[in-house]
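Spelled out, the chains give:
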Amino acid sequence: MPSYTVTVSTGSQWFAGTDDYIYITLVGTERCSERTLLDKPLYNDFERGAVDSYNVKVAEELGDIVLVKIEKKKYWVHDDWYCRYITVKTPSGDYVEFPCFRWLVDDKEVVLREGKAHLPQDDKTSQVKQHRQKELDTRRKTYRWKEWQPGFPMSIDANRHSELPRDIQFDSEKGVDFVLNYSKAIENLFVNQFMHMFQSSWNDFSDFEKIFVRIKNTISEYVMQHWKEDFMFGYQFLNGCNPVVTRKCTKLPDKFPVTHEMVSVSLERDLTLEEEIQAGNIYIVDYEVLDGITPNSTDPCTLQYVEAPICLLYKTAKKKIMPIAIQLGQTPGEDNPIFLPTDGQYDWLLAKIWVRSADFQHHQTITHLLKTHLMTEVFAVAMYRQLPAVHPVYKLLIPHIRFTIAINTKAREQLICECGIFDKANATGGGGHVQLVQRAVKTLTFRSLCFPDAIKARGVDKKEDLPTYFYRDDGYLVWEATMGFVSDVANIYYKSDEAVQGDEEIQAFIKDVCSFGMQDFDHCEFPKSLKTRTELIEYLTVVVFTASAQHAAVNFGQYDWCSWIPNAPSTMRKAPPKEKGLADVNLIIESLPDRGRSSWHLGAVWALSQYQENELYLGMYPDEHFIEKPVKEAMEKFRKQLAEITSSIKRRNEGKRLPYYNMSPDKIPNSVAV
């Protein structure tokens, strides 16, 4: 009697094992096996991390094994089980792999396809075609679109983390409880004594050290020591948390009437301001998107303010970026003066603080939340709805959307919801952050997510112009390596442009992102179809890069740059000055966040800057969704390229007082999970 050896691998995460009954049915091209209970006498089957083997006897050989059906039935109480993979050894000695990497919950069955990736047009038998379609039909019922707020990109239809499909939940919900994590951070930072002291101002700048000195690192200490300096202010536009807002200025906007006489003392080349602009030495940062945003009013005892400043930056002869003019509002006039480095010490410092506060709002809500978290969720939901597990693009993308829907759902549940944690310390809390996303979506285009395009569109792509723009330089390297990897994988399965055009599933994925995820927003310019391999490779590179490198670049430096509160105020408690000569230390301290808001802000940036336990970094793919040797070779090539990039960044950073490592591959997680 022929016998098949079935090897079953159980996951190693918490609660992955089960005491329930597990049944298996082998489906071959000729016939199916009997439904067989996998059980060894006097043995605890399917323990966490275990790899167990069983014999399945059949009357006749089954032909080629194409599907494996697994069923879980309750033993005492329902006990979820995480299956990593199943391997079947045939009577002839061949091995057939069936990747799973899924939870089996309740009494539902899972049917697995043999592990080689297949495009839909390559499936020839009705058996595998029906399996493919049934999987997608089930997924579309499970992964539904929902508009969380009007004008937002669409998200998953779930109000709480516990409502999500088990396969995309965190292994442990406690690990991502924002209230718990922020409170723990506040306690670890020894600032819990201040966390309820709202309306209580600090005494002076040095007073902020009471909540700062408990945890130190190179950059945060350097920021604390040098935050008042114009060099430090300018440098952050290149390599801080929000290195995406600086544009080359080709013409001064009418709303920002800076004259040569105002700034001539700051110019170093014996050129007029207009000539400096023509020479490409002037840059501008405009926070117009913040204009008119409703400030946080959730605390009736504390007025809070949001402003939309414009800042002019000058590239010095040594190619450093220095601020030379700041206007705090969008409408010029006597009550909206242009502040200059030649003004009084505190007038100029307060103007820079207002810019830093605006930058913080822009960073958190647009650069971080919208352009990494929410966009990656759009790609993730569309992927689950339109690509079956056997599709090569599903296998390529699944590591890069790991836990993203979960972290975003948790954020909507606790962080950015009405009366959420975001309201406690941020000027755009209480609904302003929602307005800000709604506005920013109107200018969000697909090309703005393509790293080289976004850099070039701002006129900051030339290394000789800005030689210390490390975010750009490292980003280019990681983008090229990522695109090379995506290209290597895509070209294994897509032999021609016609193969892309004929893949109805990838076309449905692309259309779902645009028509449902982005709701066909005007001007979003997301493609609705792809015609060439080049287009497909770029699109998939955008997905992987956004979820990994771009998120890392704008997330993990938050403690570095924002822990010194005066350098990144999460809110301002006094209105912006309408004339010069009013600012002094007292006005600045009273404008900055109070003790309570400072503590919540510090807890937030510390918690957000922490890597996950057992973090998977770019290029690490322990779950073998792909079984083909050419793909594994492409992965190894990718890892070697990333290691070389990491080494070159490490060499460049040696001896630097301000090392830049946020785009270093060894510090880039595969996915948005924090």
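Just so we're clear, the structure is a prediction, and the values are computed from it rather than from any experiment. Note on numbering: residues in each chain are counted from 1, in written sequence order. Since the coordinates come from a predicted model, pLDDT governs what is reported: local features require at least 70, and pairs of side-chain atoms require 80 or more to be given and counted, while whole-chain, interface and lining totals use all residues. To get the side-chain values, take all heavy atoms of the structure and skip hydrogens and water.

Engineer: It is not clear to me how the environment of Arg 84 should be interpreted in this structure. Could you clarify?
Structural biologist: Helix and strand assignments follow DSSP, with helices taken as H or I runs no shorter than four residues and strands as E runs no shorter than two, numbered in order from the N terminus. Along the chain, Arg 84 falls in strand S6 (residues 81–89). Residue Arg 84 is classed as partly exposed on the basis of its relative accessible area, which comes to 21%. Any two residues whose heavy atoms approach within 4.5 Å at even a single point are treated as in contact. Setting aside residues no more than four positions away along its own chain, Arg 84 makes contact with Ser 9, Thr 10, Gly 11, Pro 99, Cys 100, Phe 101, Pro 622 and Asp 623. To sort residues, take the accessible area from a 1.4 Å probe on protein chains only and compare it with the maximum for the residue type: under 20% means buried, over 50% means exposed, and anything in between is partly exposed.

Engineer: What's the story with the sheet that holds strand S2 (residues 21–28) in this structure? I'm lost.
Structural biologist: What holds strands together in a sheet is hydrogen bonding between their backbones, with the strands either parallel or antiparallel. Any two strands between which DSSP finds at least two bridges are classified as paired. The strand order across the open sheet formed by 4 strands is S3-S2-S5-S8, and the pairing between neighbours is antiparallel. Each having just a single partner strand, strand S3 (36–37) and strand S8 (109–113) make up the two edges of the open sheet. In the sheet, S2 pairs with strand S5 (residues 65–73) via 8 bridges, with the strands oriented antiparallel. Bridging across to S5, Ile 24 finds its partner in Ile 70. Helix axes are fitted to C-alpha atoms over the stretch in contact, other axes to C-alpha atoms as well, and angles between N-to-C directions run from 0 to 180 degrees. Of the strands in this sheet, S2, S5 and S8 are in contact with helix H1 (residues 126–142), which crosses S8 at around 130°.

Engineer: Can you walk me through the nonpolar core in this structure?
Structural biologist: Soluble, globular proteins show a tendency: their nonpolar side chains are buried together. Counting 157 residues, the largest nonpolar core has Tyr 494, Phe 509, Phe 526 and Tyr 539 as the members making the most contacts within it. Per element, the largest residue contribution to this core is 21 residues, and it comes from helix H7 (residues 345–386). With residues up to four places along the chain from it excluded, the contact list for Phe 526 reads Met 375, Phe 379, Thr 445, Phe 446, Leu 449, Val 513, Cys 514, Met 518 and Tyr 539. One finds Val 6, Leu 62, Val 68 and Cys 100 within the second-largest nonpolar core, a separate group that totals 25 residues. What makes a nonpolar core is a set of buried Ala, Val, Leu, Ile, Met, Phe, Trp, Tyr and Cys residues whose side-chain atoms join them at distances within 4.5 Å.

Engineer: Honestly, the pattern of salt bridges in this entry has me stumped. Any pointers?
Structural biologist: Pairing between side chains of opposite charge can happen when the charged atoms of each approach one another. What counts as a salt bridge is simple: a side-chain nitrogen of Lys or Arg found within 4 Å of a carboxyl oxygen of Asp or Glu. This structure, assessed with the given rule, holds 34 salt bridges. Between Asp 157 and Arg 144 there is a salt bridge, and its shortest N-O distance comes to 3.1 Å. Of this pair, Asp 157 sits in the loop between strand S10 (155–156) and helix H2 (178–188) while Arg 144 sits in the loop between H1 and strand S9 (145–146), placing them 13 residues apart in sequence. Accessibility expressed as a relative area gives 30% for Asp 157, which makes it partly exposed. Here Asp 474 and Arg 652 are joined by a salt bridge, their closest N and O atoms 2.6 Å apart. Taken together, the positions of Asp 474 in helix H13 (residues 470–493) and Arg 652 in helix H20 (residues 629–653) put the pair 178 residues apart, joining distant regions of the chain. Residue class for Arg 652 comes out partly exposed when judged on its relative accessible area of 22%. One salt-bridge network, held together by shared partners, links Arg 113, Asp 123, Arg 132 and Glu 505.

Engineer: Sorry if this is basic, but what is going on with the UniProt feature "domain: PLAT" (unreviewed entry) in the protein chain here?
Structural biologist: UniProt positions are given in the numbering used here, feature names are shortened, and annotations may be inferred rather than shown by experiment. Under the present numbering, the feature "domain: PLAT" (unreviewed entry) in UniProt falls on residues 2–118. The distance separating the terminal C-alpha atoms of residues 2–118 is 29 Å; by composition the span is 0% helix and 50% strand.

Engineer: Looking at this model, I keep getting lost on the side chain of Arg 139. Mind explaining?
Structural biologist: With respect to the element layout, Arg 139 can be found in helix H1. Contacts described as polar in this section are N or O atom pairs within 3.5 Å, which, within protein, must combine one atom able to donate a hydrogen with one able to accept it, while residues neighboring in sequence count only if both atoms come from side chains. Here the side chain of Arg 139 touches Tyr 384 through a polar contact of 2.6 Å, landing on its backbone oxygen. If near-sequence neighbours (up to four positions away) are discounted, Arg 139 is found in contact with Met 383, Tyr 384, Leu 387, Pro 388, Ala 389 and Tyr 394.

Engineer: It is not clear to me how the packing of H7 against helix H9 (residues 404–415) should be interpreted in this structure. Could you clarify?
Structural biologist: Between two packed helices, the angle of one axis relative to the other and the distance separating the axes together describe the packing. One can describe the packing of H7 onto H9 by two numbers: an axis separation of 9 Å at closest approach and a directional angle of 125°. The orientation of H7 relative to H9 falls into the category oblique. Once H7 is placed against H9, the crossing between them reads as left-handed. Between H7 and H9, the residues in contact are His 373, Leu 374, Thr 376, Glu 377, Ala 380, Val 381 and Tyr 384 and Thr 404, Ile 405, Ile 407, Asn 408 and Arg 412, respectively. By residue class, the composition of the contact of H7 with H9 is 6 nonpolar, 4 polar and 2 charged. Any angle that falls under 35 degrees is termed roughly parallel, while one over 145 is termed roughly antiparallel, one within 65 to 115 roughly perpendicular, and all others oblique. We call a crossing left-handed when the near helix sits turned anticlockwise from the far one by less than a right angle, and right-handed when that turn is clockwise. Each residue is assigned to one of three groups, with Ala, Val, Leu, Ile, Met, Phe, Trp, Tyr, Cys and Pro labelled nonpolar, Asp, Glu, Lys and Arg labelled charged, and all others, Gly among them, labelled polar.

Engineer: Can you walk me through the side chain of Ser 591 in this structure?
Structural biologist: One can find Ser 591 in helix H18 (residues 585–591). Taking relative accessible area as the criterion, Ser 591 reaches 1% and is therefore assigned buried. Here Ser 591 is in contact with Leu 350, Thr 571, Met 572, Arg 573 and Lys 574, once residues within four sequence places are set aside.

Engineer: Which parts of the structure should I look at to understand the sheet that holds strand S11 (residues 247–248)?
Structural biologist: Read from one edge of the open sheet, 5 strands run S11-S12-S13-S14-S15, paired in antiparallel fashion. A strand with exactly one partner marks an edge of an open sheet, and here the two such strands are S11 and strand S15 (338–339). As paired elements, strand S14 (residues 321–327) and S15 share 2 bridges and run antiparallel to each other. When the sheet's bridge partners are listed, Gln 327 is paired in S15 with Ile 338. Strand contacts of helix H4 (residues 230–239): strand S12 (282–286), strand S13 (310–315) and S14, with the helix running at about 95° to S14, the strand carrying the most contacts. The sheet strands contacting H7 are S14 and S15, and the helix crosses S14 at an angle near 95°.

Engineer: What should I look at first to understand the packing of aromatic side chains in this one?
Structural biologist: In this description, an aromatic ring pair is defined by two values, namely the gap between the centres and the angle between the planes. Only centres within 6.5 Å qualify two rings of Phe, Tyr or Trp (six-membered ring in Trp) as a pair; their planes then separate them into stacked at under 30 degrees, edge-to-face at over 60, and tilted for everything else. One pass over the full model with this rule turns up 26 aromatic pairs. Plain terms: the ring middles of Tyr 21 and Tyr 75 are 5.5 Å apart, the flat faces sit at 80° to each other, and that makes the pair edge-to-face. Residue Tyr 21 is located in strand S2, and its partner Tyr 75 is located in the loop between S5 and S6; the two are separated by 54 residues in the primary sequence. Chaining the aromatic ring pairs together yields one cluster made of Phe 451, Tyr 469, Tyr 471, Tyr 476, Trp 479 and Phe 545. In this scheme, the term charge over a ring applies when either NZ of a lysine or CZ of an arginine sits within 6 Å of the ring centre and within 35 degrees of the ring normal. Its guanidinium or amino end placed over the ring of Trp 14, Arg 48 lies 4.3 Å from that ring's centre, counting from NZ or CZ.

Engineer: Which parts of the structure should I look at to understand unusual backbone geometry?
Structural biologist: Backbone geometry at Asp 106 places phi at a positive 50°, although glycine is not the residue there. Structurally, the position occupied by Asp 106 is in the loop between strand S7 (95–104) and S8. Residue Asp 106 is classed as partly exposed on the basis of its relative accessible area of 36%. The backbone of Asp 520 sits at a positive phi, close to 50°, despite the residue not being glycine. By the secondary structure assignment, Asp 520 is in the loop between helix H15 (504–517) and helix H16 (533–555). The partly exposed category is assigned to Asp 520, whose relative accessible area is 34%.

Engineer: Is there a simple way to explain H16 in this structure?
Structural biologist: Given 3.6 residues per helical turn, the α-helix brings residues three or four places apart onto the same face. Helix length check: H16 (23 residues) gives 32 Å between terminal C-alpha atoms against 33 Å at 1.5 Å per residue, within 8%. Two axes enter the definition of the bend at a residue: one is fitted to the seven residues ending there, the other to the seven starting there, and the bend is the angle between them. The largest bend in H16 is about 45°, located at Phe 545. Most of H16 is tucked away, with 20 of its 23 residues classed as buried. Between the first and last residue of a helix there are one fewer steps than residues, each counted as 1.5 Å, and that sum is the expected span.

Engineer: Got a minute to help me understand the domain arrangement of the protein chain in this structure?
Structural biologist: One frequent convention defines the size of an interface as the accessible area lost when the parts assemble. The domain architecture assigned to the protein chain consists of domain 1 (3–115) and domain 2 (125–673). Throughout the structure description, domain borders are defined by an automatic or database domain assignment. Measuring from the centre of the C-alpha atoms in domain 1 to the corresponding centre in domain 2 gives 43 Å. Contact with domain 1, which involves 19 residues of that partner, is made by 15 residues of domain 2. The quantity reported as buried area is the accessible area (1.4 Å probe) lost by two parts once they are put together, taken as the sum for both. Across the domain 1/domain 2 interface, buried area totals approximately 1600 Å², and carbon plus sulfur atoms make up 53% of it. In terms of surface lost to domain 2, no three residues of domain 1 exceed Phe 101, Trp 103 and Arg 113, which account for 36% of the buried area on that side. Between domain 1 and domain 2 we count 3 salt bridges in total. Its salt-bridge partner being Asp 167, residue Arg 102 comes within 3.8 Å of it at the nearest N-O pair. Linking domain 1 to domain 2 there are 4 residue pairs in polar contact (both at pLDDT 80 or more). Contributions of two or more residues to the side of domain 1 that touches domain 2 are made by S2, S5, S6, S7 and S8. Element by element, the count of residues in the side of domain 1 that touches domain 2 is highest for S7, at 5 residues.

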